[in-house]
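Descriptive analysis of the structure
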Protein chains: 4
Amino acid sequence: MHSTQNFPQEKLPVLLDQYRDFVHANLFPIDLEIVTGQFRTRLPQLESLRSKAKSLGLFAPHLSEKDGGLGLNLVQFAQVSEILGQSPIGHYVFNCQAPDIGNMELLHLFGSEHQKKTWLKPLQGGKIRSCFAMTEPDHAGSNPVNLSTSAVREGDSYRINGHKWFTTSADGAAFAVVMAVTNPDAGSPHQRASMLIVPLDTPGFRHIRNIPIMGDAGEDYLSHAEIRFEDCRVPAENLIGVEGQGFSLAQERLGPGRIHHCMRWIGICERVFEMMCVRAVSRQLDIGKPLAEKQTIQNWIAESRAEIKASRLMVMDTAVKMEQFGAKAVREDISTIKFFVADVMMKVIDRAVQVHGALGITDDTLLSFWYRHERGARIYDGPDEVHKSALARSILKKYRSNG
Amino acid sequence: MHSTQNFPQEKLPVLLDQYRDFVHANLFPIDLEIVTGQFRTRLPQLESLRSKAKSLGLFAPHLSEKDGGLGLNLVQFAQVSEILGQSPIGHYVFNCQAPDIGNMELLHLFGSEHQKKTWLKPLQGGKIRSCFAMTEPDHAGSNPVNLSTSAVREGDSYRINGHKWFTTSADGAAFAVVMAVTNPDAGSPHQRASMLIVPLDTPGFRHIRNIPIMGDAGEDYLSHAEIRFEDCRVPAENLIGVEGQGFSLAQERLGPGRIHHCMRWIGICERVFEMMCVRAVSRQLDIGKPLAEKQTIQNWIAESRAEIKASRLMVMDTAVKMEQFGAKAVREDISTIKFFVADVMMKVIDRAVQVHGALGITDDTLLSFWYRHERGARIYDGPDEVHKSALARSILKKYRSNG
Amino acid sequence: MHSTQNFPQEKLPVLLDQYRDFVHANLFPIDLEIVTGQFRTRLPQLESLRSKAKSLGLFAPHLSEKDGGLGLNLVQFAQVSEILGQSPIGHYVFNCQAPDIGNMELLHLFGSEHQKKTWLKPLQGGKIRSCFAMTEPDHAGSNPVNLSTSAVREGDSYRINGHKWFTTSADGAAFAVVMAVTNPDAGSPHQRASMLIVPLDTPGFRHIRNIPIMGDAGEDYLSHAEIRFEDCRVPAENLIGVEGQGFSLAQERLGPGRIHHCMRWIGICERVFEMMCVRAVSRQLDIGKPLAEKQTIQNWIAESRAEIKASRLMVMDTAVKMEQFGAKAVREDISTIKFFVADVMMKVIDRAVQVHGALGITDDTLLSFWYRHERGARIYDGPDEVHKSALARSILKKYRSNG
Amino acid sequence: MHSTQNFPQEKLPVLLDQYRDFVHANLFPIDLEIVTGQFRTRLPQLESLRSKAKSLGLFAPHLSEKDGGLGLNLVQFAQVSEILGQSPIGHYVFNCQAPDIGNMELLHLFGSEHQKKTWLKPLQGGKIRSCFAMTEPDHAGSNPVNLSTSAVREGDSYRINGHKWFTTSADGAAFAVVMAVTNPDAGSPHQRASMLIVPLDTPGFRHIRNIPIMGDAGEDYLSHAEIRFEDCRVPAENLIGVEGQGFSLAQERLGPGRIHHCMRWIGICERVFEMMCVRAVSRQLDIGKPLAEKQTIQNWIAESRAEIKASRLMVMDTAVKMEQFGAKAVREDISTIKFFVADVMMKVIDRAVQVHGALGITDDTLLSFWYRHERGARIYDGPDEVHKSALARSILKKYRSNG
């Protein structure tokens, strides 16, 4: 997704079809089983899917050709992301899953040569996984400058102490990018923290648990960990960028990340919408009386279609502007899509559950998985309320200065 | 908006600015007074604004240059329409107001040479006004094939009898396009009706009243009439197209009309949004405590912004497709924007009323006018419920045939 | 509604039937015409209805028998109020309309003997009308301690200066109860204002206009005035209670008033609900296909029924508690019903409009009147947002003190 | 809850306090752990709580004193049910949990002496558990007359074949009450089915699985099974009532059951509301800036409080009427509370999740359990849509017959 990338636009439709076919043929038949089973036992199966993706030239679409990818720009990748999002293992199979894709972006832009060679390279190749440790249980995530985790410089190393949670995919990861306070006395609270690479076999790193979330603790990639750093020492060269740059790097990292999330959510919406329609035409209330004839169901289908369409147009519009004018120019748009699309997704999923009746609350379809595990979408990366206030304040500022 | 029109795209931004400036400078200062006063007394003032528009080369943007317009295509005109929609007299001043614009379109496409010369020409020049008589009080408008008005061919003329209402702008119009049953025995109910031009000074035409709507009967252009045809005779040459073609012509007429309406509604949203923001920063709850600091107000501003943005993107997307592929190809999209945008508009207006407090329910701002007179948007041209069902059934058909 | 009143409970069902019959027989046939016409021309007709009410022993149900009423307590009156609320002229005909009922309550409780004789007596008898001047255009009504109107004591009189609006029914009223600052230096802002009786023929009182509200300026009882006091002098004996007591009296006055309003709104809901059902079974979409068969319509009817039922139970529960424990004990309940019932009413009205289609937006039914003139219900006597915050803060206080 | 029961009303407040104390002291500290752990391992702990309940005279409040209970009537029990509902193990500990309470009611009213002795007695004593097998995967539960399970009379026994699911608590139950078609040729589809007692150790009964629901398959009492009957034979004396009576018995069984459910849901609402408030005052966004100060949070708290209050008043009103006039008289009310309260509960839970942020989606609080496992409330015992249509049709019937 680097702005210099330039996959030929005229080839995109064919490429998108290839992703669509792959996902339908290879992922839809197995994804429910994988996300409701034990993820770790499926790693070989997933590995062979990755090989297949590589052999078809579809692996890592977000990376430059030089780095083993396809060189898609943000707008192009967004369209792939929607397709992959239709399966909960879609991004994983193509090695463009969060949080790794964010870490790749981060290290590509700001990593040292050493960091790139040691960590970025194997990450891009899908040899290792990574995680991103920012959120702390004792502080509201919506105010990220409140951090207790510290990284104290001692000679050639940093000594890290702190307590994090919702460290997605920490279980089985090779390293974490850790946000920690290095400069507690900096004037601005936004200049106190830094990002550090912590290999997870470092003494002092403790994986406390995979947090049980909405009924699943999950494991490996499909988990969110609670972790501790207890006098955990890493070499000073593991600092990303310079001291105090933590928040500005995080902003850079989150920008395109929200586009990815939103397009993934739209993918979920489309899969769920499809399920809702199939159910509506096939479920008979009485002989020859499918659910589809009920006006309430029709309302839900019409409203869902409208809302999904609105979502996609807004996210794509934001992606185009971000590609053109940079992340800063689209801050309002990013806030807008964050709360709008998350809300649409949860409504569409909820309607689909209702259309499926009892089946909808079982784990026999993907609806339950998404109903449970996407509820967080309205919370992580800034809850709805924070984005709405931020957007409104940004808009109102223009009126105030005129007033 | 004829598909052959071709206003140079690169000149559009400047043109839009000109419309914006005109509307701000000339219409905003007087529109509230005009729509809350007696419209007819303002005709000279409006006429002089039309002259000004003509002298600036902004008049009738939807017409070809040959017909005295600017030659904008549908997509370009949609953008002008949003700007004009910010004022309730915007479209009128530029002679692209409903129902006249629809009648111009209709006569341009399907009128005889005689009809064009006699009716279309002065309509395009803003010399006369017209109306469109379709809805009947005794039949649900959502099922237009139920018509009681008849036009019986008798020699060289048609004898029309019937009762219509919601004949917008009939008061003061020169002629009506009347939908009447000419072929009651046609196989398909969609082939029974025809469109006829009825000059309003024809004997047998009765203007019963301007229907009081939401507190205003209005007058002239700003009114909706109840009318009767009582053995009202018009020459056979007043038939538009051929007998039985009424519904197919109506479909053609309504297609772009819904784009125009939706863009006008978005214009309303933008003006109302502006009012809401200005109020939020200026109204003090306590010294130094503007409404804008209240999170509920912020929520409304953020949600409104998101919904307006979604609306515009969807309407423009539909306009682009309609321009490219024709009205038939975008039937689902048209239904989608019809119910989505009308709903957004009513929500945005309602929030703005609430933000204005007591002032919001007075006629001292435009909010009351729109709160009252745009409530119909969820009803006319097909109520929400009809469009939702139509959209859903169209979507579900694809699943059923696969099933 | 005075707590000492004691209409025999066992006679209530028969009494309620009497009110129901009166309203159906005498008010339903004429109320639409009255509220959409010129109110003043109807005063004789209304006067004869009042005579009829008196002759049937139904007049002024809220007053004690001694004062010419029926001696209903708050809970009993609430039930009458719902019935009267079904017609927009119901309360007026029985002389228990706002703002007069509040002023009667106020003067009954706090008026001097002289005030009672001069103002209360004829008010109770329906000989004169009154108004209540509190809201000012320059201050948010939701923060009533912000008042600019002053009443300066000068010898035996007060000199009043100020600007008020939304002075309901000032047009044609004999006197106003005016809230004005008498003690600008009082420690608490709640002790700065007083209530004064101002006869409206006092020099210095100016009726500027009946504010046009949602399309109607209205007149007489059915209007809301903008007024000014310009060195308007009243004798000191016109002070109600003692100086600085303004806000505590206003609280007393508003308490039962909100019960009355809520029950009136429920009356509106019931009439509108009835209209919606009648329309649903009678309007045919196609031969033999009434609207009633549409599931969306059914949803609206079911949801409306549930919400109206919830509203009534909550208001009656609040009335019972207020009767038993006083207004202070039910502050949370009052906030609850204020925002809950207003919201329900607007939703029910909006659904009924939609069910009526084009007819619903005309002034040919009462729907338009209520759609327009009850929109204020979510604003006056404290907007939704203020009541929600007040309720929440009151609830949260209990948790905080425990914490 | 038998209508003859007569627990002295004046002792109720003290009794309710006892339940409240018990639940706070004994259940709140352990319930999260129990419902997120392995239920079966907790049976001894639960058994000792039951003993405690018995020793305090609080066990089985719904049963007559003769049967070892307290003799509460429906209205009294409803109030206990709300208190017990605050803990997901509340009803279980007091042996008044669904589906057993429904089966006790059923056997009490319609069981033979033999059935009472063999099944009802130990069920009342908490010695065994039971289940109710009605829903089938191949038929929409909302149309219960569509049943495929058959019970063919063969001499002195019935041979049962069929496939059921959502047979709540079948795992570990001693017997099932099974709804099966015994009279396929009966004129009315409502007279084709019967209820039969099937001991779960009968050959031909197969427990296929505990259906994984929203992330948990659960076990024992806390599970919903998929089961099959394969030539499963039970003696003819296991028929409850007479052949063909299945649906009328089911109606009887469901009536009070919906009151119980609704009161349990209100209990959940209250616990969740409490959690939301505690969180709001304790979670700091910034030092000294608790969430409670955010207006959005205040809105949710106010709206939740209003909606919970409305729910309780409606359910209690329905219980009182049912007690007085029987289940048939309150069919509309039952439909009303079914969809209204389920909706309120899901909204309140959703808001509480959002207020808790990341914590809200973990299994570290009860919110996740209820968010997931009460989603079914809008589906089981008739989905929202069915109850809304039923209510509306019942209301509209009155208008139609008048029309």
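Computed from a prediction, not measured in an experiment: that's the story for all the values here.

**Things to note about the interface of chain B and chain C**
Contacts between chain B and chain C engage 33 residues on the former and 33 residues on the latter. Within the residue set of the side of chain B that touches chain C, elements represented by two or more residues are β10 (284-286), α10 (331-356), α11 (358-361) and α12 (367-373) of chain B. Taken together, the residues of the side of chain B that touches chain C sort by class into twelve nonpolar, twelve polar and nine charged.

**Here we look at the relation of the copies chain D and chain A**
Take chain D, turn it by 180 degrees, move it 0.0 Å along the axis, and it overlays chain A with an RMSD of 0.0 Å. Each copy turns onto its partner about a two-fold axis. Closest approach to the rotation axis within chain D is made by the C-alpha atom of D:Gly215, at a distance of 2.4 Å.

**Examining the interface of chain D and chain A**
Contacts between chain D and chain A engage 33 residues on the former and 33 residues on the latter. Secondary structure elements with two or more residues in the side of chain D that touches chain A: β10 (284-286), α10 (331-356), α11 (358-361) and α12 (366-373) of chain D. Classifying every residue of the side of chain D that touches chain A by side-chain character gives twelve nonpolar, twelve polar and nine charged.

**A short note on the relation of the copies chain B and chain C**
Structural alignment of chain B on chain C gives an RMSD of 0.0 Å, achieved by rotating through 180 degrees and translating 0.0 Å along the axis. Most of the interface of chain B is mirrored in chain C: 100% of its interface residues are interface residues there too.

**Section: helix α10 (residues 331-356) of chain A**
An ideal rise of 1.5 Å per residue puts 38 Å on 26 residues; α10(A) measures up with 38 Å between its terminal C-alpha atoms. Of the residues one or two after α10(A), A:Gly357 is the one with positive phi, at around 60 degrees.

**Brief notes about the UniProt feature "domain: Acyl-CoA dehydrogenase/oxidase N-terminal" (unreviewed entry) in chain A**
In the UniProt entry, the feature "domain: Acyl-CoA dehydrogenase/oxidase N-terminal" (unreviewed entry) is given for residues 15-126 of chain A. As a span, residues 15-126 of chain A carries 63% helix and 0% strand, and end to end its C-alpha atoms are 21 Å apart.

**Concerning the environment of D:Phe110**
All names here are of chain D. Along the chain, Phe-110 falls in helix α6 (residues 100-110). Assessed through the 18 C-beta atoms surrounding it within 10 Å, Phe-110 is described here as partly exposed. Separated by 255 residues in the primary sequence, Phe-110 and Thr-365 place their C-alpha atoms 41 Å from one another.

**Quick word on the domain arrangement of chain A**
Residue and element names in this part refer to chain A. Taken domain by domain, chain A consists of domain 1 (9-97), domain 2 (130-244) and domain 3 (248-398). Each of domain 1 and domain 3 was reduced to a C-alpha centroid, and the two centroids are 20 Å apart. Of all the secondary structure elements, the ones that give two or more residues to the side of domain 1 that touches domain 3 are α2 (31-36) and α4 (74-85). The element contributing the most residues to the side of domain 1 that touches domain 3 is α4, with eight residues. Grouping the constituent residues of the side of domain 1 that touches domain 3 by class yields eight nonpolar, six polar and one charged.

**Quick notes on the nonpolar core**
Core analysis: the biggest nonpolar cluster contains 501 residues, and A:Leu196, B:Leu196, C:Leu196 and D:Leu196 have the highest contact counts within it. With 16 residues, the top contributor of residues to this core is helix α8 (residues 246-282) of chain A. The residues touching D:Leu196, leaving out its near neighbours within four places in the chain, are D:Ala151, D:Tyr158, D:Ile160, D:Val178, D:Ala180, D:Val234, D:Asn238, D:Leu239 and D:Ile240.

**Topic: the environment of B:Thr362**
Tracing the backbone through its elements, the reader meets B:Thr362 in the loop between α11 and α12. Under the C-beta neighbour-count criterion, B:Thr362 is labelled buried, with 21 such atoms within 10 Å. Not counting chain neighbours up to four residues away, the residues in contact with B:Thr362 comprise B:Ser368, C:Ile211, C:Pro212 and C:Ile213.

**Thoughts on the environment of B:Arg129**
Mapping B:Arg129 onto the fold places it in the loop between α7 (113-124) and β1 (130-133). Residues within four places of B:Arg129 in sequence aside, it is in contact with B:Asp100, B:Ser169, B:Gly172, B:Ala173, B:Ala174 and B:Tyr221.

**Re unusual backbone geometry**
For the bond from C:Ala98 to C:Pro99, the omega torsion is 0 degrees, close enough to zero to count as cis. Here C:Pro99 shows up in the loop between α5 (90-93) and α6 (100-110). The phi dihedral of A:Phe166 falls on the positive side, at around 55 degrees, and the residue is not glycine. Its place among the elements puts A:Phe166 in strand β3 (residues 157-168). Despite not being glycine, C:Met214 has its phi angle at roughly 45 degrees, a positive value. Assignment of secondary structure puts C:Met214 in the loop between β6 (205-210) and β7 (218-219). When the 25 C-beta atoms within 10 Å are taken as the criterion, C:Met214 is described as buried.

About the thresholds
- Residues numbered from 1 in each chain as written.
- Chains lettered and ligands numbered in written order.
- Predicted model: local features only at pLDDT ≥ 70, side-chain atom pairs only at ≥ 80, totals over all residues.
- Contact = placed C-beta atoms within 7 Å.
- Helix = DSSP H or I, 4+ residues; strand = E, 2+ residues; numbered from the N terminus.
- Nonpolar A, V, L, I, M, F, W, Y, C, P; charged D, E, K, R; others polar.
- Least-squares fit on C-alpha atoms with pLDDT ≥ 70 in both.
- Expected span 1.5 Å × (residues − 1).
- UniProt positions renumbered as here; feature names shortened; annotations may be inferred.
- Buried ≥ 20, exposed ≤ 12 C-beta atoms within 10 Å, placed from the backbone.
- Domains from an automatic or database assignment.
- Core = buried A, V, L, I, M, F, W, Y, C linked by C-beta atoms within 7 Å.

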